[in-house]
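Coordinate inspection notes
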Amino acid sequence: MTRPVYRFGTFRLDAAARELWAGTERVVLPSSAFECLAYLVEHRDRAIGRDELIAAIWGRSDVTDTQLGQAIVRVRSALGDTGREQQFVRTVPRFGYRFVAETTPEPLASGDAPAGEAERMAAPAASAAADTPVRRLPLPGLVLAALALIGAAALAWRFAPPAGTPPATSQTPPGALPPAPAEAALAVVWPASVGAPADWAWLRLGVMDLVATRLRSAGVPTMPSDNVVGLLRGRDQQAPVPAADLVPAGAWRIEPAVEQDGPLWRVRLQAQVRDRDLVAAAESGDVLSAARGAVDSLLIKLGHAPPLSVEQPERALEELARRVNAASLSGQNALAARLIEQAPVEQRDDPEIGWMLANIELRAGDYGSAERRLSQLLDRVSEKAAPSLRGRILNTLAAIHVRRDESAQAQALYREAARILPGHDDSALGLAHLGLGLTAEMEGRIEEATGRFGQARTQFEGAGNLLGVAHVDANLASMDLLRYRPGDAVPRLLDVERRFAQLGAQEELVYSRITLARAYLQLLDLEQALAAIDRCWPVERAVANERLRWQVVAVRAQVLAALGRLDEADALLADLGQRADREQDAATRALALAIGAEIAASRGQPDATVVRLAESALSPPLEQYSNDRRLYPLTWVVRLRALRRAGEIAQAASETARLVAWLEAQPDDWRLAWAEQAKAEQAWREGAREQALAHFAAALERIERLGVPEDLVAIAQPYVLALIDGGEPERAGTIAGRIAAWGAGDFRVAWAQARLYQALGRPAAARQATDRALALAGQRALPGERRAAPARP
């Protein structure tokens, strides 16, 4: 798509020519600064995070915030802006930047057209390949996209490129307007109004999808139909355009109208953008033929060549596909599956229909059935005959492996899809890049992941796929958590939560809320963590996928445990343990065992019980659990502490050495901090106090570099207690001061303060801190106590 010229203030930015003009003078900018300005201007409708901006400018992630800041300074200097005034580029605290000046895009000259358009209109489409192709109909379907925020696949909608019939009429009617300007390139097709008996109600979404599919196949970037249905969900569908902040201002709004008049069907399309208004119509004895004729007439008015047919599609099969997709878009997946099951065998056996059914099975959490069906389809669908369909099958199959935390298998499938899809299907290609970014993220290859996410965004934006763009932003939020930056992740997650809600993307919405709850837990904002996960409750109403439901249950138990509501958490975990599938929910069951071990330790239960529960949790599914990589080593820490309390010092020493080796194998500040903490706690139990204190200090120094409240408290609080027990209350007070900010809301900090005040001989302050610790503890025993809280000092 041609990059337009933008005007703001006295400046003129020509992104394609890479020129910035101030009046009649050209402003010279370094390449990185120019790319920074162009990207901010082109995405001025929203704030841009630091990571996204770095990826857009440099194409990699190993760029420091200082380098980005220098690019911003150069941009502001060229525009005469300042960090104080911020008239053009505004800093968004703890997130990134946004271009805020009033900006006007310049339309292309009236005679301009995208490169290659004249050639495409003059020459017919290439003939079919020599081999017999798989029948390729304009069938819509569901594609499973990998959502990196918790390392699982999320549902996104896709539409297969059609091979429709030639238009009934091919001449441009008198008075046709010239092609839309570049900034109006995106088309948004709304549900059709239908004047026909109730049996034809499916045409409301079926015709919408047919029009969108045919526009897209002719080269018109068109918003996916699921995005549109999501924008309408829960709103007055007769009202003006909903969620206008998500739809580009220059997009074509296309409204279909279908009317039955005896044996004839009339389809009318009204297309509007700003002050332009186009109307195209056709009639036929077959409603889908009339719809194709109307959209082909509209394509000609827009300056696009209608797609030519490879072969005449079977009308019954096309009608089945439209009915199935209409049911799926309406959220009636059981009905969609029933329509397929009731269809004749020859229709059920069509590869596109089979792919649609596999996605329906996947949405229900039946991964095994979906995997078997997709594997069979791969044997039938060749790259040469149907590259787009094969690429989409590969993407969906890869998503199943992502859900199982099988990154290597998923990566191989996504790579194959990315090789096949260029030139065939932009959204599916974006999905493949998104999946490759996700698998790279799962394996800790952050630079590669960032680059892939940038490629995915480009593909999704070009295809007008708002849901795909939201997936990319959700992945970037997940990367913030991987980099131990929950404070940066929260605003991103709140933004994608809003967008997923507006788009009606229920699984993605639930995933975003799970991840938001985890981010708030790391920030020690427990009330917000509970509010986030409670937006998924009751879980039966929030999401249909049973696999995802159990993840919600586990994370809600984790939040309740952090609040000291242990009985409620245990009840949820017991239900999960009894009813979750042992194979398909293996990772979630391991998560539940890890939470259960922490709860048992928090209650002050017998150490043997804690050791047994932690040992059960420390399994390969938990070690490979990419949704929260902290859990495996922290559960190991719970087990080691129980062993030491039980007097098993030698066994604890051996396991401590193993944990330290595991943490140091892939070193970063978080892992090395916890390695030092494990050494410190073991040395303290062995009586090597000076050595232990040195390790405590090293752990605190490393964890303070990250500034994550949960980790800071978890590492500093045992250090404070050790110093008090070692007779160094003044030194303990210095360390306690570093976590004092959380004393009002965290029972561990409050208890450390109570112990400190008692050691310093301040009984009134000690009583007050103890009362606060008891109130915050809930059903937990205070640290170091057995089963019950100690008497007040």
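Residues numbered from 1 in each chain as written. Predicted model: local features only at pLDDT ≥ 70, side-chain atom pairs only at ≥ 80, totals over all residues. Heavy atoms only, no water.

**So, the sheet that holds strand E5 (residues 48-49)**
Spatially, the three strands line up as an open sheet ordered E5-E7-E6, and their pairing is antiparallel. Taken across any chain shown, the strands that pair with only one partner, and hence form the sheet edges, are E5 and strand E6 (89-92). Two strands pair when backbone bridges link them, and E5 and strand E7 (residues 96-99) are joined in this way by two bridges, in the antiparallel orientation. By the bridge assignment for E7, Ile48 is matched with Tyr97. Docked against the sheet, helix H1 (residues 31-42) engages E5, E6 and E7, running at close to 65 degrees with respect to E7. (Pairing = 2+ DSSP bridges. Helix = DSSP H or I, 4+ residues; strand = E, 2+ residues; numbered from the N terminus. Contact = heavy atoms within 4.5 Å. Axes fitted to C-alpha atoms, helices over the stretch in contact; angles between N-to-C directions.)

**Observations concerning helix H32 (residues 729-737)**
Looking only at H32, the buried set comprises Pro729, Ala732, Ile735 and Ala736. For H32, the buried positions fall inside an angular range of 110 degrees around the axis, keeping them on one side. Facing away from the buried side of H32 by more than 90 degrees, the exposed set consists of Glu730 and Thr734. For H32, the elements touching its buried residues are helix H30 (689-706), helix H31 (709-725) and helix H33 (747-759). (Buried < 20%, exposed > 50% of the residue type's maximum accessible area, 1.4 Å probe, protein only. Arc of directions from axis to C-beta.)

**Considerations on the sheet that holds strand E4 (residues 25-27)**
Spatially, five strands are ordered E4-E3-E2-E1-E8 in an open sheet, and the strand pairing comes out antiparallel. Only two strands of the sheet have a single neighbouring strand rather than two, namely E4 and strand E8 (104-106). The average angle at which neighbouring strand axes cross in this sheet is 30 degrees, direction not considered. Taken together, the three bridges between strand E3 (residues 19-22) and E4 define a ladder with antiparallel strand orientation. Opposite Ala22, over in E4, you have Glu25 as the bridge partner. With respect to the sheet, H1 is in contact with strand E1 (5-8), strand E2 (11-14) and E3, its orientation differing from that of E2 by roughly 100 degrees.

**Some points on the pattern of salt bridges**
Scanning all chains against the criterion turns up 48 salt bridges. Measuring nitrogen to oxygen at the nearest pair gives 2.8 Å for the salt bridge that ties Glu507 to Arg403. With Glu507 in helix H19 (residues 506-522) and Arg403 in helix H13 (residues 387-403), this residue pair connects regions lying 104 residues apart in the sequence. With relative accessibility at 12%, the residue Arg403 sits in the buried group. Put simply, Arg639 and Glu615 hold a salt bridge, and the shortest N to O gap is 3.7 Å. One end of the pair, Arg639, is in helix H27 (residues 631-645); the other, Glu615, is in helix H25 (residues 607-617), and 24 residues separate them in sequence. What you see here is one network of salt bridges that share partners, running through Arg46, Arg457, Glu461, Asp473, Asp495, Arg498 and Arg499. (Salt bridge = Lys/Arg side-chain N within 4 Å of Asp/Glu carboxyl O.)

**Focus: the environment of Glu319**
Among the structural elements, Glu319 can be located in helix H8 (residues 315-329). When the C-alpha positions of Glu319 and Leu288 are compared, they lie 8.0 Å apart, and in sequence the two are 31 residues distant. Residues contacting Glu319, with those up to four places away along its chain left out, are Trp202 and Leu288.

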